Amino acid sequence: MLSQEALLGLVGRIYDAATDETLWPVFLEDFADAVNGTMTGLWFHNLVSPETNLAITVRSGPDLKEAYKKYYGAIDPWKAAGLARHRHPGPDTVYTGEELIGSEQFRKLEFYNDFVLPNQIVRHFGSPLAINPQWVSNISSHRPGDREPFGPVEMDLLKVLLPHLQRAVQIHGRFVELQGKQRASLDALDQLPIGVILLNQDTSIAAMNREAGRLIGQSDGLSACKYGVRAAGTATNRQLQALITSAVRTGSGQGFESGGFLAIPRTSGQRAFSVLVTPVGKRAFAPDTNSPAAAVFVTDPERIPESAAQSLARIYDLTAAECRLSALLMQGDTLVRAAGLLGISHNTARTHLQRIYEKTSTRHQGDLIRLLTTGIPNFAPK
Amino acid sequence: MLSQEKLLVLIGEIYDAASDERLWPVFLEHFADAVNGTFTSIIHHDLGSRRAQLMITARPDSEALRRYKEYYCTFDPYRAASLARYRQPGPDAVYIAEELIDPRQLHQTEFYNDFSLRHDLVHHFGCRIAMGANWVSNISSHRPRDREPFGHVEVSLLQLLWPHLQRAIQFHRKFAELQSQHLASLEALDHLTVGVVLLDQACRIVAMNREAQRVLDQKDGLAAGKDGLTAARPHENRELRAVIAGATKTGSGGGLGDGGILGIPRPSGKRSFVLLVAPVGRQAFVLGIKAPSVIVFVTDPERKPEEISTALARIYELTNAESRVATLLIQGETLTHAAEHLGISHNTARTHLQRIYEKTGTSHQGDLIRVLLTARIHP
């Protein structure tokens with residue numbers, strides 16, 4: 001039997017892997033040592049689409065894993081028998097290969113003769129870790145046929161580890177779920193034509209989206225540094241920092257002011273950036289985690305909306321010529337100029353425009369521009 | 001000494017608390033049992049203010065708790081002495097009060113006489129489980145004066161638990177960080193005039209922003225059912241599902257479809273909702289996890305732009321009268337209508353418009369509307 005120190009070490013390595021899946025092999029190596037096994041691994045079987053099955057193994061060749069995934073996984077009698085036995089994993093779900101299938105029957109199978117025997121994995125023991133309608137996960141270890149079968153010592157060890165393995169798999173799941181949500185919401189921000197910067201409680205930048213990166217990259221009155229966001233003019237910067245400070249305070253639950261709007265003049269003389277600072281603060285509490293407490297939105301009035309030609313053609317059935325004309329109008333050109341640019345007569349342009357009004361149920365240019373700027377997604381997914 | 005079985009259960013409870021912070025008291029209660037202690041707690045101290053920011057307790061004396069939080073936490077001698085003696089947290093830094101501070105010295109302190117003695121929290125042992133530049137988290141337990149002081153058995157138990165406590169605190173921080181970034185991004189999305197819906201691989205809604213909720217609340221051709229996002233008419237619904245399925249495959253690493261644009265007609269006869277479907281950047285693969293894999297942007301062409309905010313007016317130095325004219329123009333009125341609506345002459349309206357052009361650096365109505373409407377946000 002394992003010493004207490006070794007056992008606790010093994011338990012610790014299970015949890016190391018819970019938020020860092022690259023550490024599973026470290027645990028599996030130690031576990032294989034402890035049970036004196038050869039190929040040892042965690043298996044995730046997707047019962048709906050087996051092509052996404054996943055295995056993390058040690059002491060096994062890549063060929064074996066590939067062959068199992070491609071063919072033998074589907075006819076694995078251990079898996080089938082293990083699944084048939086239990087609905088919920090627990091100490092009584094720890095099994096040995098010999099318990100699952102009689103050896104006489106086993107030796108007649110293709111799985112045994114073509115896969116188990118040549119790979120020297122005749123002795124087998126393990127347990128399910130999670131059983132769901134769509135997927136199951138399993139831990140198992142093996143030994144060659146000429147060695148002792150696994151017995152009560154190994155089974156008892158696995159019984160002790162089982163609740164920790166199950167908990168680690170759950171923690172891992174929750175971690176991946178949260179990570180997925182965090183990435184997806186940042187991704188959504190990334191696709192928008194508005195600059196968004198999330199600031200931590202200490203006003204440093206927690207995250208910014210692509211448009212914010214683009215605007216700051218222009219070095220035109222707005223910059224980012226270690227301490228957060230800065231405006232070029234001293235007076236403007238003072239106002240900006242005051243808004244940020246009060247929003248961050250509110251976002252950290254220590255104030256009531258709500259941030260506000262500010263124009264940030266550009267050194268190039270173009271139209272000022274319009275900036276909104278606002279608290280954000282529905283955050284999970286953890287001591288001293290630097291979590292976002294304020295959001296800064298930056299819009300650029302000089303930004304030419306990306307051509308929404310695809311949307312227009314699709315949603316309002318505009319022809320290619322009508323799309324081209326509406327794109328120019330949307331970028332701020334007059335009808336006369338647009339006609340000139342497109343090399344068509346003013347009259348033709350008027351006819352196009354009339355058709356566009358009809359198709360989009362708008363009545364005049366202002367109305368059309370409003371629809372084009374706000375009524376369709378005028379940004380392209382990146 | 002604790003049996004191995006009980007020890008492993010205690011360790012398990014530490015990790016239960018790591019993924020659900022409401023379970024910390026369960027662990028603390030059983031830890032208090034194991035060390036035969038009374039008041040047992042995990043306390044997070046801010047070293048700047050020396051305040052106890054977060055306290056998780058088992059078997060608390062509420063009066064002691066209140067007095068500690070309000071006053072005594074700022075000069076807790078154990079915190080100061082353990083920080084002075086052990087630079088880094090670790091299993092070797094588990095201390096027993098009697099060994100940490102000379103009792104003769106301790107007995108002269110206000111903390112001991114007015115707090116420890118008064119609440120009978122005389123025997124004490126514990127350690128730091130995590131620390132940063134200006135904070136520490138400690139775990140500790142107490143016993144009354146008439147009982148034995150804590151000894152070697154309790155110290156070695158805490159030393160065994162220490163690596164697990166530390167790992168659990170790290171998990172907790174990682175979780176909280178991801179969670180708060182996700183929530184903050186969603187809140188940021190709430191300020192936008194475009195609807196955003198995050199869908200998982202099965203088309204179920206994982207999260208959405210305020211504008212998306214507003215669109216769905218109209219129950220006008222687009223709905224959130226138990227099968228996820230659905231269009232009212234079968235034809236559009238099939239199309240929607242197909243686009244989402246394509247993007248899902250990309251989002252979950254199995255395809256290269258890049259989503260697309262489609263219109264969802266409204267039974268009310270209003271202009272169709274316009275949907276832009278895009279895959280989420282590739283996700284880590286784990287079976288059975290509900291992670292978002294598709295983003296759906298929803299725009300409502302009938303949504304009337306809000307009036308020109310005082311902030312925008314200030315940016316362009318528009319007068320109140322000019323703001324009113326500009327608001328009607330961005331809401332789709334002609335200048336003539338706007339003049340009538342505001343009860344001013346057409347000429348006055350033209351003068352206002354001329355001034356607005358000058359102030360915004362625009363030359364005609366279409367250009368003005370574009371500048372005022374490009375990517376608006378609402379506070």
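Residues numbered from 1 in each chain as written. Chains lettered and ligands numbered in written order. Predicted model: local features only at pLDDT ≥ 70, side-chain atom pairs only at ≥ 80, totals over all residues.

Digging into the overall build of chain B
Looking only at helices and strands, chain B features 15 helices and twelve strands. Taking 379 residues into account, the globule formula puts the C-alpha radius of gyration at 21 Å, and chain B, at 32 Å, lies well above it. Expressed as lengths along the three principal axes of its C-alpha atoms, the size of chain B is roughly 90 × 50 × 30 Å. Counting over 379 residues, chain B shows a buried share of 45%. (Helix = DSSP H or I, 4+ residues; strand = E, 2+ residues; numbered from the N terminus. Rg over C-alpha atoms; globule rule 2.2 N^0.38 Å. Buried ≥ 20, exposed ≤ 12 C-beta atoms within 10 Å, placed from the backbone.)

Points about the overall build of chain A
Counting secondary structure elements, chain A contains 15 helices and twelve strands. Principal-axis analysis of the C-alpha atoms places the extent of chain A at approximately 90 × 55 × 30 Å. Buried positions account for 46% of the 382 residues belonging to chain A. For chain A, the share of sequence-separated contacts (at least 6 apart) that also reach a separation of at least 24 residues comes to 57%. (Contact = placed C-beta atoms within 7 Å.)

A word on the sheet that holds strand S11 (residues 273–279) of chain A
All names here are of chain A. Strand order in the open sheet formed by five strands is S7-S6-S12-S11-S10, and the pairing between neighbours is antiparallel. The sheet is open, and its two edges are formed by strand S7 (205–208) and strand S10 (260–264), each paired on a single side. Each strand of the sheet is rotated relative to its neighbour by a mean of 20°, with strand direction disregarded. Relative to the sheet, helix H10 (residues 234–251) contacts strand S6 (195–200), S10, S11 and strand S12 (292–299), its axis offset from that of S11 by approximately 25°. (Pairing = 2+ DSSP bridges. Axes fitted to C-alpha atoms, helices over the stretch in contact; angles between N-to-C directions.)

Overview of the nonpolar core
Counting 111 residues, the largest nonpolar core has Ala-294, Ala-295 and Val-296 of chain A together with Leu-275, Ile-295 and Val-296 of chain B as its most contacted members. Dropping the residues within four chain positions of it, Val-296 of chain B is found in contact with Val-197, Leu-199, Leu-229, Leu-275 and Val-277 of chain B. Formed by 68 residues, the second largest nonpolar core is a distinct cluster that contains Ala-97, Ile-129, Phe-150 and Ala-176 of chain B. (Core = buried A, V, L, I, M, F, W, Y, C linked by C-beta atoms within 7 Å.)

Structural notes on helix H14 (residues 346–360) of chain B
Three- or four-residue spacings in an α-helix give side chains the same orientation, since the helix completes a turn every 3.6 residues. Residues and elements named next belong to chain B. Counted at 1.5 Å a residue, the expected span for H14 with its 15 residues is 21 Å, and the 21 Å between its end C-alpha atoms agrees. Those residues of H14 hidden inside the fold are in contact with helix H12 (320–330), helix H13 (335–342) and helix H15 (365–373). At the exit of H14 stands Gly-361, carrying a positive phi of roughly 65°. (Expected span 1.5 Å × (residues − 1).)

Examining the environment of Gly-90 of chain A
Residues and elements named next belong to chain A. In this fold, Gly-90 is placed in the loop between helix H4 (77–85) and strand S3 (95–96). Its 14 C-beta neighbours within 10 Å are what place Gly-90 among the partly exposed residues. In the structure, Gly-90 is positioned 76 residues away from Gln-166 in sequence and 9.3 Å away in space, judged by C-alpha atoms.

Looking at the packing of helix H8 (residues 152–190) of chain A against helix H8 (residues 152–190) of chain B
Running from N to C, H8 of chain A and H8 of chain B cross one another at 30°; their axes reach a closest spacing of 9 Å. Judged on the interaxial angle alone, H8 of chain B and H8 of chain A are roughly parallel. Between H8 of chain A and H8 of chain B lies a crossing of left-handed hand. In contact with Ile-171, Phe-175, Leu-178, Gln-179, Lys-181, Gln-182, Ser-185, Leu-186, Ala-188 and Leu-189 of chain A of H8 of chain A, H8 of chain B contributes Phe-171, Phe-175, Leu-178, Gln-179, Gln-181, His-182, Ser-185, Leu-186, Ala-188 and Leu-189 of chain B. Partitioning the contact of H8 of chain A with H8 of chain B into residue classes produces twelve nonpolar, seven polar and one charged. (Parallel < 35°, antiparallel > 145°, perpendicular 65-115°, else oblique. Left-handed = near helix turned anticlockwise from the far one by under 90°. Nonpolar A, V, L, I, M, F, W, Y, C, P; charged D, E, K, R; others polar.)

Details of the interface of chain B and chain A
Counting residues at the interface gives 93 residues for chain B and 89 residues for chain A. Residues of the side of chain B that touches chain A, tallied by class, amount to 50 nonpolar, 31 polar and twelve charged.

Here we look at the sheet that holds strand S1 (residues 40–46) of chain B
Residue and element names in this part refer to chain B. Across the sheet, which stays open at both edges, the five strands sit in the order S2-S1-S5-S4-S3 with antiparallel pairing between neighbours. Both outer strands of the open sheet, strand S2 (52–58) and strand S3 (95–96), are each paired with one neighbouring strand and no more. Bridging between S1 and strand S5 (residues 135–143) involves seven bridges; their strand directions are antiparallel. Within S5, the residue paired with Asp-46 across the bridge is Trp-135. The strands touched by helix H2 (residues 24–35) within the sheet are S1, S2 and S5, with S2 carrying the most contacts at an inclination of about 60°. Relative to strand S4 (residues 123–131), H8 is tilted by about 25°, and along the sheet it contacts S3, S4 and S5.

As for the environment of Leu-157 of chain B
Residue and element names in this part refer to chain B. Locating Leu-157 in the fold gives a position in helix H8. The exposure class assigned to Leu-157 is partly exposed, which follows from the 18 C-beta atoms found within 10 Å. For Leu-157 and Arg-214, which are 57 residues apart along the polypeptide, the C-alpha to C-alpha distance reads 55 Å.

Overview of the confidence of the model for chain B
Atomic detail in the predicted coordinates should be set aside for any region of low pLDDT. Scored by pLDDT, chain B has a mean of 87; 92% of the residues are at 70 or more. This prediction of the complex comes with two scores: 0.78 for pTM and 0.77 for ipTM. (pLDDT = per-residue confidence, 0-100.)

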